[in-house]
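# Architecture at a glance
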Amino acid sequence: MHILTGGISAYSGVGGDVVRGRARWALERQVRLVAGTLVLAGLTAGLRAPRARLLAGGIGAGLTVSALTDSCTMASFLSALPYNRGPRDRTPAEVLAELPATRKAA
């Protein structure tokens with residue numbers, strides 16, 4: 001058994017090969033982007049069709065309910081998108097098969 005002094009940062013700092021997954025936006029950031037975009041779209045469309053401003057009001061109401069109930073329907077929908085699903089779980093045998101061969105200590 002080996003203990004990595006300094007952690008992954010130290011290992012990477014001395015040239016160690018670290019495999020990282022694809023970087024993703026945090027779910028909260030995604031919710032803010034979608035909510036903000038929908039509000040802007042509703043207000044912009046409301047210049048031609050005043051009823052379109054109801055979209056902005058609906059998003060505002062949804063965010064208020066989300067804060068009061070500490071739950072977020074939009075986050076639930078966004079988390080179901082393929083972008084937010086992580087890689088499938090691998091079996092221990094698959095993980096071990098991917099490890100590089102090491103020399104035995106003398």
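Whatever comes next refers back to the structure up there.
This one's a predicted model, so the numbers in the text were calculated from it and none came from an experiment. (Residues numbered from 1 in each chain as written. Predicted model: local features only at pLDDT ≥ 70, side-chain atom pairs only at ≥ 80, totals over all residues. Heavy atoms only, no water.)

So, on to the overall build of the protein. Counting secondary structure elements, the protein contains five helices and zero strands. Ordered by position from the N terminus, the helices and strands of the protein form the series α-α-α-α-α. The globule rule puts the C-alpha radius of gyration for 106 residues at 13 Å, and the 23 Å found for the protein is more than 25% above it. For the protein, buried positions account for 12% of its 106 residues. Across the protein, the fraction of contacts at a sequence separation of at least 24, relative to all contacts at a separation of at least 6, is 48%. Total accessible area on the protein stands at roughly 9200 Å², and carbon and sulfur atoms take up 63% of it. Distance between charge centres in the protein, computed from 13 positive and 6 negative side chains, equals 10 Å. (Helix = DSSP H or I, 4+ residues; strand = E, 2+ residues; numbered from the N terminus. Rg over C-alpha atoms; globule rule 2.2 N^0.38 Å. Buried < 20%, exposed > 50% of the residue type's maximum accessible area, 1.4 Å probe, protein only. Contact = heavy atoms within 4.5 Å. Areas by Shrake-Rupley, 256 points an atom, 1.4 Å probe, with all protein chains shown as cover. Lys, Arg positive; Asp, Glu negative; His and termini not counted. Charge placed at Lys NZ, Arg CZ, Asp CG, Glu CD.)

With that settled, consider the environment of A52. Looking at where A52 falls in the secondary structure, it is placed in the loop between α2 (27-45) and α3 (53-69). Look at A52 and you get partly exposed, because its relative accessible area is 22%. A52 sits 11 residues away from A41 along the chain, and the two C-alpha atoms are 8.5 Å apart. Once you skip the residues sitting within four places of it in the chain, A52 turns out to touch G42, A45 and G46.

We now examine the packing of aromatic side chains. Within the structure shown, the criterion is met by zero aromatic pairs. Its guanidinium or amino end placed over the ring of W25, R29 lies 3.8 Å from that ring's centre, counting from NZ or CZ. (Phe/Tyr/Trp six-rings, centres within 6.5 Å; stacked < 30°, edge-to-face > 60°. Lys NZ or Arg CZ within 6 Å of the ring centre and 35° of its normal.)

This part takes up α2. Given 3.6 residues to a turn, an α-helix orients residues that are three or four positions apart in the same direction. A rise of 1.5 Å per residue sets the reference length of α2, with its 19 residues, at 27 Å; its end C-alpha atoms lie 27 Å apart and thus fit the reference within 8%. Among the residues of α2, those classed as buried are Q30, V31, A35 and G42. Down the axis, α2 shows its buried residues gathered within 125 degrees of arc, on one side only. For α2, exposure combined with an orientation more than 90 degrees from the buried face picks out R32, L40 and T44. Buried-residue contacts for α2 involve α3 and α4 (73-79). (Expected span 1.5 Å × (residues − 1). Arc of directions from axis to C-beta.)

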